[in-house]
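# Understanding the architecture of this molecule
As a plain string of letters, each chain reads:
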Amino acid sequence: MTQIVIAGGGIAGLTAALSLHAAGFTEVTVVEAALESRPVGAGLNIMPNAVRELDALGLLERLEGTAVRTRELRYYHRSGGLISREPRGRTAGYRWPQLSMPRGDLRAVLAEAVRERLGARALIPGARVTAVEHLPDGRARIELECRSKGPGGRASLAPGVLVGADGIRSVVRAALNPFEGDPPWNGMLVWRGVSRMPAERAAAFMLIAGDDRQKAVVYPMSEPDGEGRVLVNWALARPGDATAGRFRGDWNRPVPVSRFVHHYEGWTFDGVDVAEVVRAADEAFEYPMVDREPLERWTRGRITLIGDAAHAMYPIGSNGATQSVIDARALAHALAAHHSPADALADYEAERRPVMTELQRANRQLGPEVVIKLAHERAPGGFTDIRDVIPAAELDAIAKRYAAAGAFDPRTVNQGSPYTVESLGAPVI
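Residues numbered from 1 in each chain as written. Predicted model: local features only at pLDDT ≥ 70, side-chain atom pairs only at ≥ 80, totals over all residues. Heavy atoms only, no water.

### Brief notes about the overall build of the protein chain
On a plain count of helices and strands, the protein chain comes out with 12 helices and 21 strands. A compact globule built from 429 residues should have a C-alpha radius of gyration of about 22 Å, and the protein chain, at 21 Å, falls within 12% of that. The C-alpha extent of the protein chain, read off along each of the three principal axes, is 65 × 50 × 45 Å. Burial status across the protein chain gives 55% buried among its 429 residues. A sequence separation of at least 24 residues applies to 75% of the contacts in the protein chain between residues at least 6 apart. Within the protein chain, the 52 negative side-chain charges are centred at a point lying 2 Å from the centre of the 51 positive side-chain charges. (Helix = DSSP H or I, 4+ residues; strand = E, 2+ residues; numbered from the N terminus. Rg over C-alpha atoms; globule rule 2.2 N^0.38 Å. Buried < 20%, exposed > 50% of the residue type's maximum accessible area, 1.4 Å probe, protein only. Contact = heavy atoms within 4.5 Å. Lys, Arg positive; Asp, Glu negative; His and termini not counted. Charge placed at Lys NZ, Arg CZ, Asp CG, Glu CD.)

What follows is the structure, encoded as structure tokens:
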């Protein structure tokens, strides 16, 4: 019997496998629906609390070889006025950096480490969980569709523990919450892409600009290459028409840049021309901005959820990939600390679900990005001095309140990883 099956080979699932291995578990299998990795979601920003955990897994050097350190975040009024500048990562006093990188690069590092440490058979591509049956002893029987074995390839497993890391449309989540339905859409469309452009035309910082109805996020995620060019991640948001709602949860739908770039003409912030950045992209993807309602439970018996399957949230505050990493580490720590898997999963949920519920709700209120909304509401035509619009103390309080909500303030993070498991004894499933 396979001890632990992880449904989903994204950031949450792969980090969970590595964390479980570090905690002493040897029989761990990750099943991933995709036959091959694709760079879904363009780029991502990993906060210091997650970098700390990846460092504990011995991956920081590999990651820094493909990422760039984010040292500053700037918020702008849509008219171009600077709202605030915030140091990030080690510049802000963290012991670990904040990293920006292509999502595909992070997944490649994690997948390579899984195969090295757990063996090639630990990661099975082309295997999708299609059904979950609850068994009387708290375990689950899962049905797998195995595309790698050709048409009709199927398998059935009853693992000791089932971890649902299968994203916003999680089959495991649906088995725990069969009447939930589709992810709710807030009426906003998001466009994402990656551009390669001269470093002097790209920001050396991360910028977030606009208001609550139209927004741009732009940041570099590589050092200059031999031609002096850098990779720039961008994400744009504005209201969409009613037909867009039928694509909920699909962030891999290609669209031409010409469909939306005209909305961002004239958006220039300290030399960064948003429309120019977007036009430099080879491709763009569109999806409705959706999330999931906070759940009253993530766990049933020996079944639990992590990452987007547990708490998909709006792309605000760099918390998607970040919190998936933290979930994975917390889960492995709990399983190593208990002889009863059910007790372990209950403890994991008790630690993580309240914090994630608060973050999900905070992101629906724009999280730290509420400053661009406040600036627009109070000074729709722009301003000369932001202090006349939003006092410095108010800006500081907004940032600190959000960091405290997710326990990623410098004081908490710098205490070190709470998920070290070497002294907890042999795990039992």
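### Observations regarding the sheet that holds strand S14 (residues 206-210)
Strand order in this open sheet of eight strands is S6-S5-S14-S15-S16-S13-S20-S17, and the pairing throughout is mixed. Among the strands making up the open sheet, the edge pair consists of strand S6 (82-87) and strand S17 (253-255). Strand after strand, the sheet turns through a mean of 20 degrees between neighbouring axes, direction not considered. Relative to strand S16 (residues 229-239), strand S13 (residues 185-198) is paired through 11 bridges, and the arrangement is antiparallel. Each residue of the ladder has a partner; that of Trp 191, found in S16, is Leu 236. (Pairing = 2+ DSSP bridges. Axes fitted to C-alpha atoms, helices over the stretch in contact; angles between N-to-C directions.)

### Concerning the packing of helix H1 (residues 11-22) against helix H8 (residues 320-337)
Relative to each other, H1 and H8 sit at 30 degrees, their axes nearing to 8 Å. By the angle between their directions, the pair H1 and H8 is classed as roughly parallel. Judged by the twist between their axes, the crossing of H1 over H8 is right-handed. Of H8, the residues touching H1 (which contributes Ile 11, Ala 12, Thr 15, Ala 16, Ser 19 and Leu 20) are Ala 321, Ser 324, Val 325, Ala 328, Arg 329, Ala 332 and Leu 335. When grouped by side-chain class, the residues that make up the contact of H1 with H8 number nine nonpolar, three polar and one charged. (Parallel < 35°, antiparallel > 145°, perpendicular 65-115°, else oblique. Left-handed = near helix turned anticlockwise from the far one by under 90°. Nonpolar A, V, L, I, M, F, W, Y, C, P; charged D, E, K, R; others polar.)

### Quick look at helix H9 (residues 341-364)
Compared with an ideal rise of 1.5 Å per residue, which puts 24 residues at 34 Å, H9 spans 33 Å between its outermost C-alpha atoms and is within 8% of the ideal. Remark: the principal bend of H9, roughly 30 degrees, maps to Arg 352, with a proline, Pro 354, within the next four residues. Those residues of H9 not exposed but buried are Pro 341, Ala 344, Leu 345, Tyr 348, Glu 349, Arg 352, Met 356, Thr 357, Leu 359, Gln 360 and Asn 363. Looking one or two places after H9, you find Leu 366, whose phi comes out positive at around 80 degrees. (Expected span 1.5 Å × (residues − 1). Bend = angle between axes of the 7 residues up to and from the residue.)

### So, the environment of Ser 156
Structurally, Ser 156 is set in strand S11 (residues 154-157). Look at Ser 156 and you get partly exposed, because its relative accessible area is 37%. Residues contacting Ser 156, with those up to four places away along its chain left out, are Arg 141, Ile 142 and Glu 143. Polar contacts involving the side chain of Ser 156 include one to the side chain of Glu 143, which spans 3.1 Å. (Polar contact = N/O pair within 3.5 Å; in protein donor to acceptor, adjacent residues only side chain to side chain.)

### Here we look at H1
With 12 residues, H1 ought to run about 16 Å at 1.5 Å a step, and its terminal C-alpha atoms sit 16 Å apart, in line with that. Extensive coverage of H1 is indicated by the burial of 10 of its 12 residues. Restricting attention to buried positions, one finds in H1 the residues Ile 11, Ala 12, Gly 13, Leu 14, Thr 15, Ala 16, Ala 17, Leu 18, Ser 19 and Leu 20.

### Concerning the pairing of strand S5 (residues 72-77)
Taking burial as the measure, the six residues of S5 include six buried ones, the bulk of the element. Residues of S5 alternate between two faces, with Glu 72, Arg 74 and Tyr 76 on one and Leu 73, Tyr 75 and His 77 on the opposite face, all of them buried. Pairing between S5 and S6: five bridges, direction antiparallel. Residue pairing in the sheet places Tyr 75 in a bridge with Ser 84 of S6. Hairpin remark: S5 followed by S6, antiparallel, with four residues in the connecting loop; positive phi at Gly 80, about 115 degrees. Where S5 lies against S14, five bridges are found, and the strand directions are parallel. Bridge pairing links Leu 73 to Met 206 in S14.

### Side note on the sheet that holds strand S21 (residues 303-305)
Read across the sheet, five strands follow the order S8-S2-S1-S12-S21 without closing on themselves; strand pairing throughout is parallel. Whereas interior strands pair on both sides, the edge strands pair on one side only; in this sheet they are strand S8 (123-125) and S21. Sheet twist, expressed as the average angle between the axes of neighbouring strands with direction ignored, equals 20 degrees. Pairing of strand S2 (residues 28-32) with S8, which is carried by three bridges, proceeds in the parallel orientation. Note on S8: the bridge partner recorded for Val 30 is Leu 123. Seen against the sheet, helix H4 (residues 103-118) touches S2 and S8 and runs at an angle of roughly 125 degrees to S8.

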